[in-house]
Every structure is written in C-alpha cells, then in structure tokens.
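Remarks on the overall topology
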Amino acid sequence: MSALSLSGRDLAAAVRTEAAARAAALTAAGTSPRLAVVIATADESSAWYVRSIAKAAATAGITCDLVELGPDAAADTIRATLARLSADDTVHGIILQTPLPAGAALEDLASAIAFEKDVDGANPLSLGRLASGLPAFAPATAEAVLAILDHHEVDLSGRLVAVVGRSTVVGKPAAHLLLNRDATVVVCHSRTADLAAVTSAADILVAAVGRPGLITAEHVGRGAVVVDVGTNPTEDGGLTGDVDAASVADRAGALTPVPGGVGPVTTALLLRHTVQAAGG
Ligand code: NAP
C-alpha cells in the first residue's frame, strides 16, 4: 500500500487567507504590516525562497522590503542593518536570509534582530524562550512541521519522534516544539551511530538534513508518519526532499511531499508571524 500524501497546500492557503484578513484590519486601523528581508547572498535557491515570500506577502497585503546587501557584505554591515530595521517603528518583522557571507555567523548576527520582530525565530533569545516553554516566534519551518502534523490530525503526545538534523533553524527548534507537545524526541545528526536503527523505531520521522534521498525504506518504521523538510535543488530547476519517496512509499503510513508539503506552510507562517508582530 502506498503512503498517504500529507499536503501542506490547503493549510498554507488557509493561513495566508487568515493573515490577509488580519493585515487588512490592521491597515484599516492605521498600521500597515511590513516585513524586511535582509539578503547577503547570491545563492539561487535562497533567491527562489525570497521571491516566494515577497509574492505571498504582496498577495496578503503585507509590504515586503528586500534589503540587498550583496554576497560580500561585511558582518558589521549586516549587523548595523538589522539594528537599523529593529529601531524602525514602521518595520514589524525582520528575516535574515541564509546563507551568509564567509565570516558572518547567523547566531551572532541574529542577536541584532529585535526579539519582538524576530518573525523567523533566529535570535538565540527566541530559541531559549521556546526551550523554556515561553512565548516566542519559532523558526517558521520548525513550526510548519508541527502545523502540518496537527492539520492532518497526527497525535504527538507520547509518540516517539526521531528528528534527523540538529540545526538551530530547523532540527533543534522542532525538537523543542515537539517536546512542548509531550512527544518523546530523539535528535539525530551526522555522528549518530546506526541512523536507521534509531529512526526505524520512531512513530514519526522528521528529516531536516539537506541530503537528497538520504532517508530510505530501512530508516522508516512500518506505518510511520514521515515529514520531509528537505528542499534540495535539482538539475532541472525543481526541488527534491531528503526522503527517497519511492523507496519509503510501501513502508511509511504517510509522507509530506516535496514540493507542496512543509515549504508552503513555512511561507504562510512567516506572514502570520508578521501580522502578529504588527499587533494583529
Ligand atoms: P543544516 O544547517 O545544514 O543542518 C543539517 C543537519 O543534518 C545537521 O545537524 C547535520 O548534522 C545533519 N546531517 C548531515 N548529514 C547527515 C547524515 N548523513 N545523517 C544524519 N544527519 C546528518 O541544514 P538546515 O538549515 O537545518 O536545513 C535542512 C534541510 O531543510 C535543507 O534541505 C534545507 O534546504 C531545508 N529547509 C527547508 C525549509 C522549508 O521551508 N521547507 C526551510 C529551511 C530549511 P551535524 O550537526 O552533525 O553536522
């Protein structure tokens, strides 16, 4: 039997519609929601992602400023730009796009994003608060993992979840969000001995690695729910996930597609966070 496809498209559309309604109400009340995306890279997949955010924001009535600093920007320039935007009352949300130039570290620079405008949860303060169970914007991709599972009514409480990947952008915050929902969480990474033995025991597998097709049938328990966060560019200009969908199809109970799974939900949640930061 083939795995059920857990699409993110309907959920993303609903979140975008709700964000647009809130943005319209805020604008009518005199506050026009505004998102600034700071870009210091010439990376093509990053440019594709930024275009999709800008397009979704425009459709939702949210102003989106693309602040292009160029791939050779110095860390001090990026930090000063984030500080300027943080102090600008007309800007409600700030995203620092990755990858960053050599010598610039996300964890270091993101501290310059005002906590209340940190709509992609990049400031270490946001991750610390999430880990403490305090209110904070979660990184949108990590939140999208839970949102898509909730949307498809996958129970989390007491279930064993294996998260593959421990980045501060996806793996770690996803693990904290899952723990906050009473899942039992195992976080795997490149030094995990016998990855398949660990992940195949899990009820839910979250792949956030950045290696196309790394997860195959041997990594997946029979009937498990698999969330594929990977967005790896293909030679023909498309996207492919971290999960070898053909290999796991007869083993997994359900699988999020790439594209059309976590990705559109991530973009929609960024819009939701921006209107929340603007007071909506
Ligand atoms: P990252 O910072 O490169 O982290 C990758 C993680 O995978 C690291 O923790 C690494 O372990 C682990 N890893 C690498 N090779 C492994 C292996 N063979 N076995 C087990 N673990 C391994 O990547 P990221 O930023 O978290 O992104 C992960 C993926 O999600 C990428 O495909 C990215 O494009 C995608 N993504 C998608 C969205 C979206 O909206 N859908 C948003 C953001 C990212 P170590 O820590 O030991 O190095």
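Conventions we followed
- Residues numbered from 1 in each chain as written.
- Predicted model: local features only at pLDDT ≥ 70, side-chain atom pairs only at ≥ 80, totals over all residues.
- Heavy atoms only, no water.
- Buried < 20%, exposed > 50% of the residue type's maximum accessible area, 1.4 Å probe, protein only.
- Helix = DSSP H or I, 4+ residues; strand = E, 2+ residues; numbered from the N terminus.
- Pairing = 2+ DSSP bridges.
- Near = heavy atom within 4 Å.
- Polar contact = N/O pair within 3.5 Å; in protein donor to acceptor, adjacent residues only side chain to side chain.
- Areas by Shrake-Rupley, 256 points an atom, 1.4 Å probe, with all protein chains shown as cover.
- Nonpolar A, V, L, I, M, F, W, Y, C, P; charged D, E, K, R; others polar.
- Salt bridge = Lys/Arg side-chain N within 4 Å of Asp/Glu carboxyl O.
- Core = buried A, V, L, I, M, F, W, Y, C linked by side-chain atoms within 4.5 Å.
- Domains from an automatic or database assignment.
- Contact = heavy atoms within 4.5 Å.
- Buried area = accessible area lost by both parts, 1.4 Å probe.

Both faces of strand 4 (residues 93–96) are covered, namely the face carrying Gly93 and Ile95 and the face carrying Ile94 and Leu96. One ladder, built from four bridges, connects strand 2 (residues 34–39) with strand 4; its direction is parallel. By the bridge assignment for strand 4, valine 38 is matched with leucine 96.

With that settled, consider the sheet that holds strand 6 (residues 184–188). If you walk across this open sheet you meet the six strands as 1-11-8-7-5-6, and the pairing is parallel. In this open sheet, the two strands that pair with only one neighbour each are strand 1 (4–5) and strand 6. In terms of strand pairing, strand 8 (residues 225–228) meets strand 11 (residues 254–255) through two bridges, oriented parallel. Looking across to strand 11, one finds that valine 225 is bridged to alanine 254.

Our next topic: the site of the ligand. Around the ligand lies a shell of 20 residues, among which Thr141, Arg166, Ser167, Ser190 and Thr231 are the nearest. Here an oxygen atom of the ligand sits 2.8 Å away from a polar atom, N or O, in the side chain of threonine 231. Relative to its unbound accessible surface of 930 Å², the ligand loses 72% to contact with the protein. The element contributing the most residues to the shell around the ligand is helix 10 (residues 262–277), with three residues. Residue composition of the shell around the ligand, by class: seven nonpolar, eleven polar and two charged.

Before going further, it helps to spend a moment on the pattern of salt bridges. On inspection of all chains with the given rule, the structure shows eight salt bridges. A salt bridge links glutamate 18 to arginine 272, with the shortest nitrogen-to-oxygen separation between them at 3.2 Å. In this pair, glutamate 18 sits in helix 1 (residues 9–28) while arginine 272 sits in helix 10, placing the two residues 254 residues apart along the sequence. For the salt bridge of arginine 79 with aspartate 76, the shortest nitrogen-to-oxygen distance reads 2.8 Å. Here arginine 79 pairs with aspartate 76, and both are found in helix 3 (residues 75–87), just three residues apart, close to one helical turn. Residue arginine 79 is classed as partly exposed on the basis of its relative accessible area of 28%. By relative accessible area, which is 56% here, aspartate 76 ends up exposed.

Counting residues in hydrophobic clusters, the biggest one holds 54 residues, and the most contacted among them are Leu35, Ile62, Leu149, Ile204, Val206, Val229 and Val265. In terms of residue count, helix 6 (residues 140–151) provides more of this core than any other element does, eight residues in total. Residues lining this core come from more than one domain, with at least three contributed by each of domain 1 (31–116) and domain 2 (139–262). In terms of nonpolar packing, the next biggest core, distinct from the first, is built from 18 residues, Leu96, Ala104, Leu109 and Ala110 among them.

Taken residue by residue, helix 7 (residues 171–180) has Gly171, Pro173, Ala174, Ala175, Leu177 and Leu178 as its buried positions. Tucked inside the fold, the buried residues of helix 7 contact helix 5 (124–131), helix 6, strand 5 (160–164) and strand 6. Positive backbone phi, at 70 degrees, marks aspartate 182, one or two positions downstream of helix 7.

With that settled, the discussion passes to the side chain of aspartate 228. By the element assignment, aspartate 228 lies in strand 8. There is a polar contact of 3.1 Å between the side chain of aspartate 228 and the backbone nitrogen of glycine 230. Reaching out from aspartate 228, the side chain makes a polar contact with the backbone nitrogen of aspartate 242 at a distance of 2.8 Å.

Here we take up the domain arrangement of the chain. Domain boundaries in the chain define domain 1 (31–116) and domain 2 (139–262). Here domain 1 and domain 2 have C-alpha centroids that lie 27 Å from each other. Counting residues at the interface gives four residues for domain 1 and four residues for domain 2. The junction of domain 1 with domain 2 conceals about 270 Å² of combined surface from both sides, 67% of it contributed by carbon and sulfur atoms. For domain 1, the biggest contributors to the area lost against domain 2 are Ser45, Trp48 and Glu107; these three give 69% of the whole. Our count for the contact surface shared by domain 1 and domain 2 stands at zero salt bridges. At the boundary of domain 1 and domain 2, one finds one residue pair in polar contact (both at pLDDT 80 or more). Elements represented by at least two residues in the side of domain 1 that touches domain 2 include exactly helix 2 (44–59) and helix 4 (106–109). Tallied by class, the residues present in the side of domain 1 that touches domain 2 amount to two nonpolar, one polar and one charged.

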